[in-house]
Amino acid sequence: MAQQGTIAVERMDGSAAAHVEDAFRLIYAEAFAEPPYNETEDDVAAAFRRFPVQARNRTFRATLARCEDGEPVGMAYGFLLGPDTGWWDELTEPVAEDLRREDEHRTFGLMELAVRGPWRGQGIARQLHEMLLDGIGSERVLLNVHPGSKAASAAYRAWGYRKIGEARLWGESADLHDVMVLDLR
(Lines give C-alpha, C1' and ligand atoms only; values in the text may rest on other atoms or scores of the structure.)
Protein backbone atom coordinates (compact mmCIF):
# COMPACT_ATOMS: atom_id res chain seq x y z
CA MET A 1 0.00 0.00 0.00
CA ALA A 2 1.52 3.33 -1.05
CA GLN A 3 1.26 6.19 1.37
CA GLN A 4 2.01 9.11 -0.91
CA GLY A 5 0.95 11.95 1.35
CA THR A 6 -2.25 13.78 0.75
CA ILE A 7 -4.54 12.59 -2.03
CA ALA A 8 -6.64 15.32 -3.62
CA VAL A 9 -9.88 14.44 -5.41
CA GLU A 10 -11.23 16.88 -7.98
CA ARG A 11 -14.62 16.82 -9.68
CA MET A 12 -14.76 18.04 -13.26
CA ASP A 13 -17.03 18.33 -16.24
CA GLY A 14 -16.39 16.77 -19.62
CA SER A 15 -14.33 19.64 -20.99
CA ALA A 16 -11.95 19.56 -18.04
CA ALA A 17 -11.75 15.75 -18.17
CA ALA A 18 -10.92 15.85 -21.88
CA HIS A 19 -7.94 18.11 -21.10
CA VAL A 20 -6.50 15.48 -18.75
CA GLU A 21 -7.50 12.41 -20.77
CA ASP A 22 -3.97 11.02 -20.41
CA ALA A 23 -4.45 10.76 -16.62
CA PHE A 24 -7.70 8.83 -17.08
CA ARG A 25 -6.08 6.59 -19.68
CA LEU A 26 -3.09 5.82 -17.43
CA ILE A 27 -5.34 4.78 -14.52
CA TYR A 28 -7.65 2.78 -16.77
CA ALA A 29 -4.82 0.96 -18.55
CA GLU A 30 -3.09 -0.03 -15.33
CA ALA A 31 -6.20 -1.03 -13.36
CA PHE A 32 -7.90 -2.99 -16.12
CA ALA A 33 -4.78 -4.82 -17.30
CA GLU A 34 -5.13 -6.92 -14.15
CA PRO A 35 -7.29 -10.03 -13.85
CA PRO A 36 -10.17 -10.59 -14.26
CA TYR A 37 -10.24 -7.86 -16.92
CA ASN A 38 -6.92 -8.57 -18.67
CA GLU A 39 -7.44 -5.65 -21.02
CA THR A 40 -4.85 -5.18 -23.74
CA GLU A 41 -3.50 -2.02 -25.36
CA ASP A 42 -6.16 -2.50 -28.06
CA ASP A 43 -8.90 -2.63 -25.40
CA VAL A 44 -7.60 0.57 -23.83
CA ALA A 45 -7.44 2.26 -27.23
CA ALA A 46 -11.07 1.26 -27.89
CA ALA A 47 -12.19 2.61 -24.50
CA PHE A 48 -10.46 5.91 -25.18
CA ARG A 49 -11.97 6.27 -28.62
CA ARG A 50 -15.29 6.42 -26.69
CA PHE A 51 -14.00 8.76 -23.97
CA PRO A 52 -14.08 12.03 -25.97
CA VAL A 53 -17.63 11.26 -27.15
CA GLN A 54 -18.72 10.49 -23.59
CA ALA A 55 -17.00 13.62 -22.26
CA ARG A 56 -19.00 15.77 -24.71
CA ASN A 57 -22.26 14.58 -23.14
CA ARG A 58 -23.66 17.64 -21.34
CA THR A 59 -24.34 15.57 -18.19
CA PHE A 60 -20.85 14.00 -18.06
CA ARG A 61 -18.98 14.37 -14.81
CA ALA A 62 -15.77 12.87 -13.54
CA THR A 63 -13.57 12.71 -10.48
CA LEU A 64 -9.82 12.38 -10.53
CA ALA A 65 -7.57 11.60 -7.54
CA ARG A 66 -3.95 12.73 -7.56
CA CYS A 67 -1.00 12.64 -5.18
CA GLU A 68 0.61 15.85 -3.97
CA ASP A 69 3.07 15.64 -6.87
CA GLY A 70 0.20 15.41 -9.37
CA GLU A 71 0.51 11.71 -10.13
CA PRO A 72 -2.94 10.32 -11.01
CA VAL A 73 -4.04 7.49 -8.71
CA GLY A 74 -7.78 7.01 -9.29
CA MET A 75 -10.72 8.09 -11.41
CA ALA A 76 -14.44 7.73 -11.90
CA TYR A 77 -16.80 9.04 -14.57
CA GLY A 78 -20.23 8.72 -16.04
CA PHE A 79 -23.32 10.59 -17.18
CA LEU A 80 -27.11 10.59 -16.99
CA LEU A 81 -28.76 8.03 -19.24
CA GLY A 82 -31.04 9.31 -21.99
CA PRO A 83 -34.23 7.70 -23.29
CA ASP A 84 -32.32 6.08 -26.16
CA THR A 85 -29.70 4.35 -23.98
CA GLY A 86 -28.77 0.84 -25.02
CA TRP A 87 -27.70 -0.09 -21.49
CA TRP A 88 -30.86 -2.07 -20.76
CA ASP A 89 -30.64 -3.93 -24.08
CA GLU A 90 -27.41 -5.65 -23.02
CA LEU A 91 -29.05 -7.56 -20.15
CA THR A 92 -29.33 -11.29 -20.71
CA GLU A 93 -32.88 -11.32 -19.25
CA PRO A 94 -35.38 -8.52 -19.91
CA VAL A 95 -36.45 -6.30 -17.03
CA ALA A 96 -39.78 -4.56 -16.46
CA GLU A 97 -40.49 -1.56 -18.67
CA ASP A 98 -40.79 0.70 -15.61
CA LEU A 99 -37.25 -0.27 -14.53
CA ARG A 100 -35.77 0.50 -17.96
CA ARG A 101 -37.52 3.86 -18.47
CA GLU A 102 -34.94 6.64 -18.86
CA ASP A 103 -35.34 10.39 -19.32
CA GLU A 104 -31.81 11.87 -18.82
CA HIS A 105 -32.67 12.62 -15.19
CA ARG A 106 -33.59 9.30 -13.62
CA THR A 107 -30.37 7.26 -13.84
CA PHE A 108 -26.70 8.13 -13.64
CA GLY A 109 -24.58 5.58 -15.53
CA LEU A 110 -21.28 5.00 -13.75
CA MET A 111 -19.05 4.12 -16.67
CA GLU A 112 -15.72 3.62 -14.89
CA LEU A 113 -14.28 3.64 -11.38
CA ALA A 114 -10.68 2.55 -10.84
CA VAL A 115 -7.78 3.06 -8.46
CA ARG A 116 -4.23 2.08 -9.33
CA GLY A 117 -2.89 -0.88 -7.34
CA PRO A 118 -0.47 0.86 -4.96
CA TRP A 119 -3.21 3.19 -3.71
CA ARG A 120 -5.98 0.66 -3.11
CA GLY A 121 -7.34 -0.02 0.35
CA GLN A 122 -7.14 3.61 1.46
CA GLY A 123 -10.72 4.69 0.79
CA ILE A 124 -9.88 6.52 -2.44
CA ALA A 125 -12.50 4.65 -4.49
CA ARG A 126 -15.18 5.64 -1.95
CA GLN A 127 -14.04 9.28 -2.09
CA LEU A 128 -14.14 9.25 -5.89
CA HIS A 129 -17.60 7.66 -5.86
CA GLU A 130 -19.06 10.01 -3.23
CA MET A 131 -17.73 13.16 -4.88
CA LEU A 132 -18.88 12.00 -8.31
CA LEU A 133 -22.45 11.46 -7.09
CA ASP A 134 -22.66 14.48 -4.76
CA GLY A 135 -25.52 16.66 -5.95
CA ILE A 136 -26.27 14.48 -8.98
CA GLY A 137 -30.04 14.68 -8.43
CA SER A 138 -30.85 11.35 -10.08
CA GLU A 139 -32.99 8.61 -8.54
CA ARG A 140 -30.38 5.91 -8.98
CA VAL A 141 -26.95 4.88 -10.25
CA LEU A 142 -26.40 1.99 -12.66
CA LEU A 143 -23.13 0.16 -13.31
CA ASN A 144 -21.65 -3.04 -14.68
CA VAL A 145 -18.98 -4.95 -12.77
CA HIS A 146 -17.08 -8.09 -13.66
CA PRO A 147 -18.13 -10.73 -11.09
CA GLY A 148 -14.53 -11.92 -10.94
CA SER A 149 -13.53 -8.59 -9.44
CA LYS A 150 -14.35 -9.58 -5.88
CA ALA A 151 -13.03 -6.37 -4.30
CA ALA A 152 -15.05 -4.10 -6.61
CA SER A 153 -18.21 -6.17 -6.21
CA ALA A 154 -17.83 -6.17 -2.41
CA ALA A 155 -17.27 -2.41 -2.35
CA TYR A 156 -20.37 -1.74 -4.43
CA ARG A 157 -22.48 -3.99 -2.19
CA ALA A 158 -21.10 -2.23 0.91
CA TRP A 159 -22.07 1.12 -0.64
CA GLY A 160 -25.67 -0.07 -1.13
CA TYR A 161 -25.72 -1.40 -4.70
CA ARG A 162 -27.78 -4.49 -5.50
CA LYS A 163 -27.53 -6.82 -8.47
CA ILE A 164 -30.48 -6.64 -10.87
CA GLY A 165 -29.19 -8.82 -13.69
CA GLU A 166 -26.32 -9.78 -15.96
CA ALA A 167 -25.13 -8.30 -19.23
CA ARG A 168 -22.80 -9.32 -22.02
CA LEU A 169 -21.28 -5.96 -22.85
CA TRP A 170 -19.29 -6.50 -26.01
CA GLY A 171 -21.03 -9.30 -27.81
CA GLU A 172 -21.43 -13.00 -27.37
CA SER A 173 -17.77 -13.78 -26.66
CA ALA A 174 -17.46 -11.27 -23.82
CA ASP A 175 -17.62 -12.21 -20.15
CA LEU A 176 -20.90 -11.70 -18.36
CA HIS A 177 -20.96 -8.68 -16.06
CA ASP A 178 -23.21 -8.08 -13.09
CA VAL A 179 -25.56 -5.13 -13.54
CA MET A 180 -25.99 -3.28 -10.25
CA VAL A 181 -28.16 -0.39 -9.15
CA LEU A 182 -27.92 2.02 -6.22
CA ASP A 183 -31.18 3.69 -5.20
CA LEU A 184 -30.50 7.30 -4.18
CA ARG A 185 -34.00 8.21 -3.02
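Up top is the structure.
Residues numbered from 1 in each chain as written. Predicted model: local features only at pLDDT ≥ 70, side-chain atom pairs only at ≥ 80, totals over all residues. Heavy atoms only, no water.

Caption draft 1: Spatial organisation of the overall build of the chain. A count of helical and extended segments in the chain gives 6 helices and 7 strands. Moving toward the C terminus, one meets the helices and strands of the chain in the order β-α-α-α-β-β-α-β-α-β-α-β-β. The dimensions of the chain, computed from C-alpha atoms along their principal axes, are 50 × 35 × 30 Å. Put simply, the chain has 185 residues, and 46% of those count as buried. At a minimum sequence separation of 6, the contacts of the chain that also span at least 24 residues come to 69%. (Helix = DSSP H or I, 4+ residues; strand = E, 2+ residues; numbered from the N terminus. Buried < 20%, exposed > 50% of the residue type's maximum accessible area, 1.4 Å probe, protein only. Contact = heavy atoms within 4.5 Å.)

Caption draft 2: Geometry of the pattern of salt bridges. In total, this model carries 14 salt bridges according to the counting rule given. For Asp103, the salt bridge identified is with Arg101, shortest N-O distance 3.9 Å. Arg101 gets classed as partly exposed once you look at its relative accessible area, which sits at 37%. Here Glu139 and Arg106 are joined by a salt bridge, their closest N and O atoms 3.3 Å apart. With a gap of 33 residues between them, Glu139 in the loop between helix 5 (124-133) and strand 5 (140-145) and Arg106 in the loop between helix 4 (97-100) and strand 4 (107-115) connect regions that are remote in the sequence. Accessibility expressed as a relative area gives 30% for Glu139, which makes it partly exposed. (Salt bridge = Lys/Arg side-chain N within 4 Å of Asp/Glu carboxyl O.)

Caption draft 3: Quick look at helix 3 (residues 41-55). Here helix 3 is 15 residues long and its end C-alpha atoms lie 21 Å apart, about the 21 Å a rise of 1.5 Å per residue gives. Contact partners of the buried residues in helix 3: helix 1 (14-19), helix 2 (21-32), strand 3 (72-80) and strand 4. (Expected span 1.5 Å × (residues − 1).)

Caption draft 4: Local environment of the side chain of His129. Structurally, His129 is set in helix 5. A distance of 2.7 Å separates the side chain of His129 from the side chain of Tyr161, its partner in a polar contact. (Polar contact = N/O pair within 3.5 Å; in protein donor to acceptor, adjacent residues only side chain to side chain.)

Caption draft 5: A look at the packing of helix 2 against helix 3. Close contact between helix 2 and helix 3 brings their axes to 11 Å; oriented N to C, the two are set at 145°. Regarding helix 2 and helix 3, the two cross each other, and that crossing is right-handed. Of the residues in helix 3, those touching helix 2 at Glu21, Phe24, Arg25, Tyr28 and Ala29 are Val44, Ala45, Ala47, Phe48, Phe51 and Pro52. (Axes fitted to C-alpha atoms, helices over the stretch in contact; angles between N-to-C directions. Left-handed = near helix turned anticlockwise from the far one by under 90°.)

Caption draft 6: Representation of helix 2 within the structure. If you check helix 2, its first and last C-alpha atoms are 16 Å apart, about what 12 residues at 1.5 Å a residue would give, namely 16 Å. Buried within helix 2 are the following residues: Glu21, Ala23, Phe24, Ile27, Tyr28, Ala31 and Phe32. Down the axis of helix 2, the sector holding all buried residues measures 160°, keeping them to one side. (Arc of directions from axis to C-beta.)

Caption draft 7: Quick peek at the environment of Ser149. If you trace the backbone, Ser149 turns up in the loop between strand 5 and helix 6 (150-158). Counting along the chain gives 36 residues from Ser149 to Leu113, while the straight-line C-alpha distance between them is 12 Å.

Caption draft 8: Region of interest: the sheet that holds strand 1 (residues 8-13). A sheet is described by the order of its strands in space; here 7 strands give the open sequence 1-2-3-4-5-7-6, paired in mixed fashion. Two strands close off the open sheet at either side, each with one partner strand: strand 1 and strand 6 (162-168). Strand-to-strand twist in this sheet, taken as the mean axis angle between neighbours without regard to direction, amounts to 25°. Pairing between strand 5 and strand 7 (residues 176-183): 6 bridges, direction antiparallel. (Pairing = 2+ DSSP bridges.)

Caption draft 9: Examining the nonpolar core more closely. One finds Phe24, Phe60, Met75 and Leu142 to be the most contacted residues of the largest nonpolar core, which totals 31 residues. Those elements that provide at least two residues to this core are helix 2, helix 3, strand 2 (61-66), strand 3, strand 6 and strand 7. Examining the composition of this core, we find that 6 residues originate from one element, helix 2, more than from any other. (Core = buried A, V, L, I, M, F, W, Y, C linked by side-chain atoms within 4.5 Å.)

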